[in-house]
Structure formats: C-alpha cells, structure tokens
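Working through the structure, step by step
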Amino acid sequence: MSRPRALILGCAGPDLTTEERAFFRDADPLGFILFARNIDTVERARRLVDDLRSCVARSDAPVLIDQEGGRVARLRPPNWRKAPPARLLGDLYARNPEQGLEATRLNSRLLAADVASIGCDVDCLPVLDIAFPETHAVIGDRAYADRPEPVAALGRAAAEGLLAEGVMPVIKHIPGHGRATVDSHEALPTVTASRAELERTDFVPFQLLSDLPWAMTGHLLFEAIDPKECITVSAGAVQDVIRTHIGFDGLLLSDDLSMQALGGSLGDRAARALAAGCDVALHCNGKMPEMVEIVGRTGPMTEAAGRRFQAGRSFLARHRAPVGGRGLADAARRVAELLPEWG
C-alpha cells in the first residue's frame, strides 16, 4: 500500500469546493488542519471533516486543530466551551501545584471532547515554550510559566488529558519559541543565547516530554545551533538538537510553511523542511495556488515517517481512557471550582 504524501493541508472555507475535492484526492496528503474560517455549526464542521477524509479514502486520516484555550481557539462559544489560557493554569500551579496539574489535566479532557465533537483527532497542544521577559506577544499567555520545570509538568498534564479522551497532542514549538522577539508569522526570529543556556532552559521541557508521539517545529534561527538556517529547514539542527539532544523520535511536523519566517518560494520551503528531517510539512491557509506548488515539490512520507506515524497511533490507543459524558460534566464543574476567576 502506498504511503500518503508528507503533507498536512488546509481548505478555504466551511465546505469543500469541487476543485478542492479533486485536488485532495489526487494529492493524497497525510491529513488536514482546520482554522476558524472552516468552523460554523457543529454539524457543518463535522461534515467538513468527514468530507476531507473521504477525499483521500482514509477514514483515519488525521485532522488537526489548534484548540489551546484563551485567544488560540478555533472552536468558540456558543457551540463550544470557552477555555482558559495556559498562563492562568500556570498561575494556579504556582499557588498550588497539585491543583494546577489537576485543572490542566481536566481542562485538556474538555478540550479533547470539543475537538472530537467535530471528528478532529489531533490538537496542537501543549505549548512548551518558556515565557521570558522578551517573549513576543505571539506566544504571551500561551506559555504556562517562566521556568522549564513547571512548563514541562503542566505540558505533561495537558497531554495526558488529551490522550485519555482519544486526541493526539502535539508538543510545540520544538526546540523552543520563548526567546523570539518578533512574530514568526511576519519575520524570522533570531536567538542569540548560548548553546549552554538553551540546554539549561528552552530545550528542557521538550526533553522531559520527548516520549510523546508528535511535535511541531518553531521557525527560529538559533545562532549557537545554525547561524545560517532556521531550525525547520536545518538538517544539522534537526538531527543535533531535536533528534539527538532532546531525544525526540516521534513524528515531526514543520510549523506552517506560509509563515514569513521562512524565505523562498512555498515549494522550496516544503522541500527544504522535508529534506532537513521534518516528517511532514504543514501548510495551513488553504490557498489553492500555494498548495499546488507545494504538492509539486513533495512526495510520499518516508518509511521512517510512516513508522513514527503508526507508533503514534499505538501510543494513543494505549493511553486512551475516556470518562464519558458524566465524567466530562464533573470535570467542567471541577475546573470551574479551581479557576473561579475564569469565565
């Protein structure tokens, strides 16, 4: 059986066009990602997810979404719950670590239930970036804390909640986006910290959660790692830092190829990311001309990428322990008790 193309793609709106259906059928990407532009009612979003999987004739094709809580939430009221940002959970942890972990784990079960309500099975969470004084607002309150240990502890709790409800977590933005002082959607952040400092701080949460199955790169240039290339397109950095020092051997996704931190054409960006060691390239905006160009420069997933993908499926199956409707209702009540200041 042939392997799908090493891509995850977006679509333009809440319903597939005839052109998109034919394109996705022929391109056969590994999976898809949804954004706010794709979300209307629960029923319509669920139909879109079913249609996307039908295009590639794989009922288990992964469909991703960024449902972190706070300002990064594609599923919003009134159809879905308003979830707290990571920083609020981190503040609770700072006051009471046991309660902070409990709230984070339960909150992620609830996030997973919302994600699963439309058929998505991958949530791009937890964010393992550390909040530094210079951290750009693009991360901001998406970071749990300003030290690696609480970030790792809360990230682990978040991942456990998602896994328990059958949703794949994605640790991001490996090997750490916290030192970025510009928005990587607009420009390439350059990090000047020494390798020793990065190993003491930024890299630590990813090391501690390196057993998790999926990760997403950050588009940053670390002068101490590779002074010429962004991590996503640096073969040396991917192998040296992500695979060896951090020890991550799961499925590695690029961050969105359309972000301006990456130079060159869209097709070039995709080819460079995959050549550098990303298992799958991610393109989010659903613009057909860009997707056509990217598909023309990419091929099937490698054998190693296929192995990592299947290992992730097995990992998820082993950790799944859903609590059912009553358990989720209890979780919502407990989160409200632990975070009375939210919502």
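Described in the following lines is the structure provided in the data block. A quick note: this is a predicted structure, and the numbers were derived from the prediction, not measured.

With that out of the way, let us pick up the overall build of the protein. When helices and strands are tallied, the protein shows twelve helices and 13 strands. Relative to the 2.2 N^0.38 estimate, which gives 20 Å for 343 residues, the radius of gyration of the protein is 19 Å and therefore close to what a compact globule would have. If you line up the protein on its principal axes, its C-alpha atoms span 50 × 50 × 35 Å. Here the contacts in the protein between residues at least 6 apart in sequence split such that 78% fall between residues at least 24 apart. On the protein, roughly 13100 Å² of surface is accessible, and the fraction owed to carbon and sulfur atoms is 51%. Within the protein, the 46 negative side-chain charges are centred at a point lying 3 Å from the centre of the 40 positive side-chain charges.

Side-chain pairs of opposite charge can arise whenever the charged atoms involved come near each other. Enumeration over the complete set of coordinates arrives at 31 salt bridges. Among the ionic pairs, E199 bridges to R195, the shortest N-O distance being 2.6 Å. Of this pair, E199 and R195 both sit in helix α6 (residues 195–200), four residues apart, which is roughly one turn of the helix. Judged by its relative accessible area of 24%, R195 is partly exposed. For R272, the salt bridge goes to D268, with nearest N and O atoms at 3.7 Å.

The subject of this paragraph is the sheet that holds strand β7 (residues 168–169). A sheet is described by the order of its strands in space; here nine strands give the open sequence β7-β6-β3-β2-β1-β13-β12-β10-β8, paired in parallel fashion. Edge positions in the sheet fall to β7 and β8 (171–174), since each has one partner strand and no second. The pairing of strand β12 (residues 251–256) with strand β13 (residues 280–283) spans two bridges and is classified as parallel. The residue bridging L253 from the neighbouring strand is V280, located in β13.

In this section: helix α4 (residues 97–117). Given a rise of 1.5 Å per residue, 21 residues ought to cover 30 Å, and the 30 Å separating the end C-alpha atoms of α4 matches this to within 8%. Those residues of α4 lying buried are G100, A103, T104, L106, N107, S108, R109, L110, L111, A112, D114 and V115. Here the buried face of α4 lies against β3 (63–65), β4 (67–69), α3 (86–95), β6 (122–123), α5 (148–164) and α12 (324–338). Just downstream of α4 lies G119, where phi reads positive at about 95°.

This part covers the packing of α4 against α12. Close contact between α4 and α12 brings their axes to 9 Å; oriented N to C, the two are set at 135°. On the basis of the axis angle, α4 is oblique to α12. As α4 runs across α12, the sense of the crossing is left-handed. Across from Q99, E102, A103, L106, N107, R109, L110 and A113 in α4, the residues of α12 making contact are L328, A331, A332, R334, V335 and L338. The residue makeup of the contact of α4 with α12, split by class, is nine nonpolar, two polar and three charged.

Between α4 and α5, the least distance of the axes is 7 Å, while the angle of their chain directions is 35°. The two elements α4 and α5 meet at a crossing, and its hand is right-handed. Mapping the contact onto sequence places G100, L101, T104, R105, S108, R109, L111 and A112 in α4 and A153, L154, A157, A158, E160, G161, L162 and A164 in α5. For the contact of α4 with α5, the per-class residue count stands at nine nonpolar, four polar and three charged.

Relative to the helices and strands, S254 resides in strand β12. Polar side-chain contacts of S254 include one of 3.0 Å to the backbone nitrogen of L282. Discounting residues that sit within four places of it in the chain, S254 has contacts with M216, T217, T232, A273, C278, V280, A281 and L282.

All right, on to the nonpolar core then. Grouped together as the largest cluster of nonpolar side chains are 112 residues, with contacts concentrated most on F24, L34, I118, Y144 and W214. Those residues in contact with I118, other than ones at most four positions away along the chain, are L34, I39, V42, A45, R46, V49, I65, L75 and W80.

Within the fold, V241 resides in helix α8 (residues 235–245). Since its relative accessible area comes to 0%, V241 is described here as buried. For V241 and V42, which are 199 residues apart along the polypeptide, the C-alpha to C-alpha distance reads 40 Å. Not counting residues within four places of it along the chain, the set of residues in contact with V241 comprises P175, R195, F203, I225, G236 and I246.

Here we come to the packing of aromatic side chains. All chains considered together, the criterion is met by four aromatic pairs. Measuring from ring centre to ring centre gives 5.0 Å for F24 and F32, while their planes differ by 75°; the resulting arrangement is edge-to-face. The burial state of F24 is the same as that of F32; both residues are buried. On the basis of an interplanar angle of 70° and a centroid distance of 6.4 Å, the ring pair of F203 and F222 is categorised as edge-to-face. With F203 in the loop between α6 and α7 (204–208) and F222 in strand β11 (residues 221–222), this pair connects stretches of sequence that are 19 residues apart. Pair check on accessibility: F203 and F222 agree, each one buried. Linked through ring pairs, F23, F24 and F32 together constitute an aromatic cluster. The side chain of K82 reaches across the aromatic face of W342, ending 4.8 Å from its centre. Looking at R179, its charged tip hangs above the ring of F132, at a distance of 4.1 Å from the centre.

What counts and what doesn't
Throughout, a residue's number is its position along its own chain's written sequence, starting from 1. In view of the model being predicted, local features appear only for residues whose pLDDT reaches at least 70, and side-chain atom pairs are presented and counted only at 80 or more, with totals across whole chains, interfaces and linings using the full set of residues. To get the side-chain values, all heavy atoms of the structure are used, and hydrogens and water are removed first. Counting from the N terminus, the helices are the DSSP runs of H or I reaching at least four residues and the strands are the DSSP runs of E reaching at least two. Using C-alpha atoms as the atom set, the radius of gyration is obtained and then compared with a globule rule of 2.2 Å times the number of residues to the power 0.38. By definition, residues are in contact when any of their heavy atoms lie within 4.5 Å. Method for areas: the Shrake-Rupley scheme with a 1.4 Å probe, in which residue coverage is limited to the protein chains shown. Counted as positive: Lys and Arg. Counted as negative: Asp and Glu. His and the chain ends are not counted at all. All charge positions are set by atom: Lys at NZ, Arg at CZ, Asp at CG, Glu at CD. What makes a salt bridge here is a side-chain nitrogen of Lys or Arg within 4 Å of a carboxyl oxygen of Asp or Glu, nothing more. Each residue is placed in one exposure class: buried if its accessible area under a 1.4 Å probe, protein chains only, is under 20% of its type's maximum, exposed if it is over 50%, and partly exposed if it falls in between. Two strands make a pair as long as DSSP finds a minimum of two bridges between them. For a helix, the expected span equals 1.5 Å multiplied by the residue count minus one. Only the stretch in contact is used when a helix axis is fitted, and all axes are lines through C-alpha atoms; the angle between N-to-C directions ranges over 0 to 180 degrees. Reported orientations rely on four angle classes, namely roughly parallel under 35 degrees, roughly antiparallel over 145, roughly perpendicular from 65 to 115, and oblique for the rest. Left-handed describes a crossing in which the near helix is turned anticlockwise from the far one by less than a right angle; the clockwise case is right-handed. For this classification, the nonpolar set comprises Ala, Val, Leu, Ile, Met, Phe, Trp, Tyr, Cys and Pro, the charged set comprises Asp, Glu, Lys and Arg, and every other residue, Gly included, is treated as polar. Whenever two N or O atoms come within 3.5 Å, that pair is a polar contact, provided that in protein one can donate a hydrogen and the other can accept it, and provided that, for residues adjacent in sequence, both atoms are side-chain atoms. In this description, a nonpolar core means a group of buried Ala, Val, Leu, Ile, Met, Phe, Trp, Tyr and Cys residues linked to one another through side-chain atoms lying within 4.5 Å. Within 6.5 Å between ring centres, the rings of Phe, Tyr and Trp (the latter by its six-membered ring) count as paired, and their orientation is classed by plane angle as stacked under 30 degrees, edge-to-face over 60, tilted in between. Criterion for a charge above a ring: Lys NZ or Arg CZ within 6 Å of the ring centre, and within 35 degrees of the ring normal.

On their own, these measurements won't tell you what the molecule is for.
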